[in-house]
Structure formats: structure tokens, C-alpha cells
Amino acid sequence: MTNPTVAAGTRTPLRRGAELAARASRVLPAGVSSDARRGLPEPVYVDHAAGAHLTDVDGNDYIDYVLGQGPMILGHSAPEVVEAVTRQVARGQAYAGQHALEIEAAELVQAMVPGADLVRFNTVGSEAVIGAWRLARGLTGRQKILKFEGHYHGWLDAALWSLHPPVDAAGPRQAPVPVPASGGQQASAGADLVVAPWNDLDAFTALLAAHRDEIAAVVMEPLLCNTGCISPAPGFLEAVREQTSAAGALLVFDEVITGFRLARGGAQEWFGVVPDLAVYGKAIAGGLPVAAIAGRAEVMDQITAGTVGHAGTFNSNPIGMAATVATLGRLQRDGDELYPRLRTLGGRLMAGLRDVAAAAGVPMLVDGPGPVFQTYLTSADAVRDYRDFAATDRAGMARLHAGLLRRGINIVPRGLWFLSAAHTEADIDHTVEVVADVLRDGEFDDLRR
């Protein structure tokens, strides 16, 4: 329920939040536990969450479009997930052994995902990505991975390259060079990467040909959600699928964000292109730490044969599996109603944002399929790849994020928005009103046309 005090435009000062921030700075590097939470404009500390809303420790309400960076597709504290997890906690927290829930969860993934012959579970997406790459290398006997500039595949050394590099250090647009995203990364890992620009089929074709006998896998976010929300150009996924197969490499979809969010079968269903392997996380367990690798039997059977190792004490943890069965069970059962509603609500919000930005004279591009979308501050008519994203006004977007947060709207700071089954038309309409109010602020005069 929306806090009427917040809706009326007043707000409780963040005194308790400031106290917690001071404590955190003494025990946590940068005062946070993930770099994704660094530099937030205000000390918002969440006390509890329900449905599409967060409440901070000072009693302020926020309409939440971050949703835990995407996993809360049913909303916070979804009753079926809470009930399943509560029931399982009383039955045991970690078995390090087999149990029926992992079979039920895998059967749901297999039934919903077009390319999921077999499934293995992990705890987080970063692990699952490296597991998929190991499977590709094991099957092909090759070492190199082709990734796309601006795509995120986890924070581990082998994968954290060319995410949002300085453009002047990233090399030519059609043949980017691998750029590490952190100090302390293992430099040799970059030697096993080929970086391609997103949505440039000619450049991809040339790079694949140049490394044809070396590339084990081509990996991508099929809908690029970690650099804006950028759809593949018409025919791009189909051509990459065809060329990757012809080169004897595997195609890996990183569906940590898109999986179970765009459709029951994720991006594979949405775009009609089936990879050899896909990696899942976020929405698979309604907010519990669960990830998965799913794919063709020929590839996954390397684990069966013992030729490629895959392990983890907390793989298929029973609490996470209970949440997975509850979440995917709801999505499978109610998907015919739930997904069209997500797209409708997302479309309503996107249209409202376009209208108020135009009325305020602020150049804003709003793009995405609806269940997830991006706002860019730019006069460009499209954002097609990382270099286009880098040319948008990211400092202005940070100011917009801060203005919304102060008024009770929580979005991903870079301008990404997630919708949940718990959002209502009233939430959407109130959000549009708040965005209009923020854009009328004199702080945005420098952006007006």
C-alpha cells in the first residue's frame, strides 16, 4: 500500500538511515556489500518489502522498480514463495545430498525452456557462467570465448571484461580490445577472449572467421540489460546462431536477467532462437540465491560422463529449490495472464514517461519490451550498442535517479526499470506523476531542448 504521506509529497528525514550508513562505513568497504550499491545519493536502508513497495528504516515508502536487480518478478514477499521457504526451513537448511525438490525444480525448467534437455543448479549467476564456458571448452577442445562489448557475465576474473570501458581505451568500434573492469584481475584471462560489438553482424562475422578454430563459445545477453535495455537487431540472433554452429562453436545465452522475465521460456521463447546452453538466475527463485545451467543433452552429458567437473556444496540447496518450485510453478500456471499484464503495465509506464519528458522538453529515449525497459537521456532515436550507450547523458540519468529516489520511486541508477506482477495501474500512474514533477525541477533546465 502506498504511504499517503509520501504520496502527498512529504517525507521523513533519513536520520536512522544516516546512522546506519555511519556504522556501515566502519565495518564494510565503501559502506556496502556490493559495488553495485556504491555511491547512492541518500542513505536509504530497507526495513521491509512487500509486493511492489519498499519501506525504509525511517518509515518512507518507495514504489520499487529495482526488484532486487530483477528477481522479484512476483513482487516482494510473494505469498507462495514465503510459504514454501518457511515450510522448508523447518525441514532442513542444507543437506549436501539429493532431495525431491531439485527434481521438481529441474522438471519445471525443462518444461518451460525450449533448449533445456538437462539442468544443473548453482547458487549465483557468476558461477553458472563459468560452468557453461567450461562445458563449451570441454566439448570443443577450444579455449577462446567470444563476448560482446557492454555485456555482463558476472564479476569473476575470466568474465569481467569490456563491460563499460572508457571508449578511448576500448579500441576500434568494430574490433574492440578486451579491457579489464577491475584492478587485480588476472591479466592472462583476457588472452582467451575475443570482444565483438553488439548488433554489428559484419563485425561479428569477421571476428568469428579470424578466430574460427579457436572459439569454444559465443556468449551474449540476448536482450542486453546491463548496458541499457538493447534489443538485438532484426535477424542478428538468427545469423549469430547459424554462423556459430557452422564454426563448430557453442552459442550460450546469459539469461540471468531475461530468463523467466520476458516469457515462460525467457529470451529463447521471446526471440525464437535456441542456444546450446543458457544460464539462469534472478527470477528463477523469486529472490533466493539460485542459478542454473540448462542446455542440450550432448553438452550437458559431459557432466554425466565425468569429463567436465561441476560441483558446489550449496547447489540445489533445499530452501532455494523450494522457492524455485513455488516461483516457476506460479509462472507456468498463470503465465498466460501474467506475462501479457507485465507487458501492458510496462507499456503504460513507458508511454507515460515519454509523454511527460516531451512535455518538459527533456530528450528522453524509452526502450524495451515492457517487463524490463530503459530510460536514456539522449536526443538519439535509438541505442544499438555499448558505444551508443556511452554517448548518452549518464550524469543526467544519475540526477534523475536521485530525484526519483527522494520522491519515493526506486529505479536502477543507470536507468533500468523492472516490472512485477505486484505493480498496479495506480503505482504506474503515480510514478508518471512523480517523474513529471522531477523533470519540471530547475535542476534539469540544462537538458531542455
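Everything below is about the structure printed above this text.
A brief structural summary. Source: prediction; values computed, not measured.

**Some remarks on the state of the cysteines**
Argument step 1. Inspection of the entire model under this criterion finds zero disulfides.
Argument step 2. The thiol of Cys-225 is not disulfide-bonded; the next cysteine sulfur, from Cys-229, is found 4.3 Å away.
Argument step 3. Residue class for Cys-225 comes out buried when judged on its relative accessible area of 0%.

**So, helix α5 (residues 125-140)**
Argument step 1. Between the first and last C-alpha of α5 there are 23 Å, a value that for 16 residues agrees with the 22 Å anticipated at 1.5 Å per step.
Argument step 2. When α5 is considered as a whole, its buried residues turn out to be Gly-125, Ser-126, Ala-128, Val-129, Gly-131, Ala-132, Trp-133, Leu-135 and Ala-136.
Argument step 3. In the stretch just after α5, Gly-141 is the one whose phi turns positive, near 75 degrees.

**What to know about the side chain of Ser-316**
Argument step 1. Mapped onto the secondary structure, Ser-316 falls in the loop between α9 (297-305) and α10 (318-360).
Argument step 2. Of the polar contacts made by the side chain of Ser-316, one reaches the side chain of Glu-102; its length is 2.9 Å.
Argument step 3. Those residues within four positions of Ser-316 in sequence are excluded, and the remaining contacts are His-99, Glu-102, Phe-121 and Met-321.

**A look at the side chain of His-76**
Argument step 1. Note on placement: His-76 falls in the loop between β3 (61-64) and α3 (79-89).
Argument step 2. Here His-76 falls in the buried class, since its relative accessible area comes to 11%.
Argument step 3. His-76 has contacts with Ala-49, Ala-50, Gly-51, His-53, Leu-54, Asp-64 and Leu-67, leaving out every residue within four places of it along the chain.

**Describing the packing of aromatic side chains**
Argument step 1. This structure, assessed with the given rule, holds eight aromatic pairs.
Argument step 2. For the pair Phe-260 and Tyr-280, a centre-to-centre distance of 5.2 Å together with 40 degrees between the ring planes defines the contact as tilted. Of the two residues, Phe-260 is situated in the loop between β8 (250-255) and α8 (266-271) and Tyr-280 in strand β9 (residues 277-280); the sequence distance between them amounts to 20 residues. With respect to burial, Phe-260 and Tyr-280 carry one shared label: buried.
Argument step 3. Relative to Phe-389, the ring of Tyr-376 has its centre 6.4 Å away and its plane inclined at 75 degrees; by these criteria the two rings are edge-to-face. Note that Tyr-376 is positioned in strand β12 (residues 372-377) and Phe-389 in helix α11 (residues 386-390), a separation of 13 residues in sequence. Phe-389 matches Tyr-376 in its accessibility class, with the two residues each being buried.
Argument step 4. Taken together, the ring pairs connect Phe-148, Trp-198, Phe-204 and Phe-236 into an aromatic cluster.
Argument step 5. Its end group placed over the ring of Phe-444, Arg-399 keeps NZ or CZ at 5.3 Å from the ring centre.

**Observations concerning the sheet that holds strand β13 (residues 409-410)**
Argument step 1. Spatially, the four strands line up as an open sheet ordered β1-β2-β3-β13, and their pairing is mixed. Each edge of the open sheet carries a strand with a single partner, namely β1 (46-50) and β13.

**Quick notes on the environment of Ala-351**
Argument step 1. Along the chain, Ala-351 turns up in helix α10.
Argument step 2. By relative accessible area, Ala-351 is classed as partly exposed at 32%.
Argument step 3. Along the backbone, Ala-351 and Arg-120 are 231 residues apart, and their C-alpha atoms lie at a distance of 40 Å.

Analysis parameters
Residues numbered from 1 in each chain as written. Predicted model: local features only at pLDDT ≥ 70, side-chain atom pairs only at ≥ 80, totals over all residues. Heavy atoms only, no water. Disulfide = S-S within 2.5 Å. Buried < 20%, exposed > 50% of the residue type's maximum accessible area, 1.4 Å probe, protein only. Helix = DSSP H or I, 4+ residues; strand = E, 2+ residues; numbered from the N terminus. Expected span 1.5 Å × (residues − 1). Polar contact = N/O pair within 3.5 Å; in protein donor to acceptor, adjacent residues only side chain to side chain. Contact = heavy atoms within 4.5 Å. Phe/Tyr/Trp six-rings, centres within 6.5 Å; stacked < 30°, edge-to-face > 60°. Lys NZ or Arg CZ within 6 Å of the ring centre and 35° of its normal. Pairing = 2+ DSSP bridges.

Read these as layout, nothing more, since geometry by itself doesn't imply function.
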